Amino acid sequence: QRGLAFARKLTQTPMLIQESDISQLRSDFGDPMAMRIALQCSRYNYMVRISNGFQLQLEEGNPFYDYYGLPKPGQK
């Protein structure tokens, strides 16, 4: 719940994130996972704001199948 609360706060009111929010993540999840949560939430918020700012359309399907060399669903 605290990880989701952090993500929600970062999304809705990023200017209110304080050291205590990061300290709480560190306490709940440990340093490595707290770092991962903070970075991923920040990255995804950034990407959404960029795509919304430029009014970019979302891709259909997963554009990373080719990037990672993975077969698309239904293909072998």
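Structure: above.
Every value quoted in this text rests on a predicted model; they were computed, and no experiment measured them.

A tally of helices and strands in the protein chain yields four helices and zero strands. A compact globule built from 76 residues should have a C-alpha radius of gyration of about 11 Å, whereas the protein chain, at 16 Å, is more than 25% larger. Dimensions along the principal axes, computed over C-alpha positions, put the protein chain at roughly 45 × 30 × 20 Å. In the protein chain, buried positions account for 14% of the 76 residues. Contacts in the protein chain between residues at least 24 apart in sequence constitute 39% of all its contacts with a sequence separation of at least 6. Surface summary for the protein chain: the accessible area is close to 6,700 Å², and the carbon and sulfur share equals 56%. Taking the 9 positively charged and 7 negatively charged side chains of the protein chain as two groups, their mean positions are separated by 3 Å.

On to the layout of surface pockets. Leftover empty space is mapped by rolling, across the atoms, a probe with the size of a water molecule. Of the volumes computed, that of the largest pocket is approximately 330 Å³. Lining the largest pocket are Arg43, Tyr44, Met47, Val48, Ser51, Leu56, Gln57, Leu58, Glu59, Pro63 and Phe64. By residue number, the principal contributor to the lining of the largest pocket is helix H3 (residues 31-53), which donates five residues.

A word on the pattern of salt bridges. Taken as a whole and judged by the stated rule, the model has three salt bridges. The salt bridge involving aspartate 21 is made with lysine 9; its shortest N-O contact spans 3.0 Å. Residue aspartate 21 is found in helix H2 (residues 19-29), and its partner lysine 9 is found in helix H1 (residues 2-12); the two are separated by twelve residues along the sequence. For aspartate 21, a relative accessible area of 17% gives the class buried. Owing to a relative accessible area of 27%, lysine 9 belongs among the partly exposed residues under this scheme. A salt bridge links aspartate 31 to arginine 26; the shortest N-O distance between them is 2.7 Å.

So, about the packing of H1 against H3. Interaxial distance between H1 and H3 falls to 10 Å at its minimum, and their mutual angle equals 35°. Handedness of the H1/H3 crossing: right-handed. Contacts from Phe6, Ala7, Leu10 and Thr11 in H1 reach Ile37, Ala38, Cys41, Ser42, Asn45 and Arg49 in H3. The residue makeup of the contact of H1 with H3, split by class, is six nonpolar, three polar and one charged.

Conventions used here
- Residues numbered from 1 in each chain as written.
- Predicted model: local features only at pLDDT ≥ 70, side-chain atom pairs only at ≥ 80, totals over all residues.
- Heavy atoms only, no water.
- Helix = DSSP H or I, 4+ residues; strand = E, 2+ residues; numbered from the N terminus.
- Rg over C-alpha atoms; globule rule 2.2 N^0.38 Å.
- Buried < 20%, exposed > 50% of the residue type's maximum accessible area, 1.4 Å probe, protein only.
- Contact = heavy atoms within 4.5 Å.
- Areas by Shrake-Rupley, 256 points an atom, 1.4 Å probe, with all protein chains shown as cover.
- Lys, Arg positive; Asp, Glu negative; His and termini not counted.
- Charge placed at Lys NZ, Arg CZ, Asp CG, Glu CD.
- 1 Å grid on protein atoms, 1.4 Å probe; cavity = no way out; pocket = protein on both sides within 12 Å on 5 of 7 lines; lining within 4 Å.
- Points joined across faces, edges and corners; volume = space filled by probe spheres on them.
- Salt bridge = Lys/Arg side-chain N within 4 Å of Asp/Glu carboxyl O.
- Axes fitted to C-alpha atoms, helices over the stretch in contact; angles between N-to-C directions.
- Left-handed = near helix turned anticlockwise from the far one by under 90°.
- Nonpolar A, V, L, I, M, F, W, Y, C, P; charged D, E, K, R; others polar.

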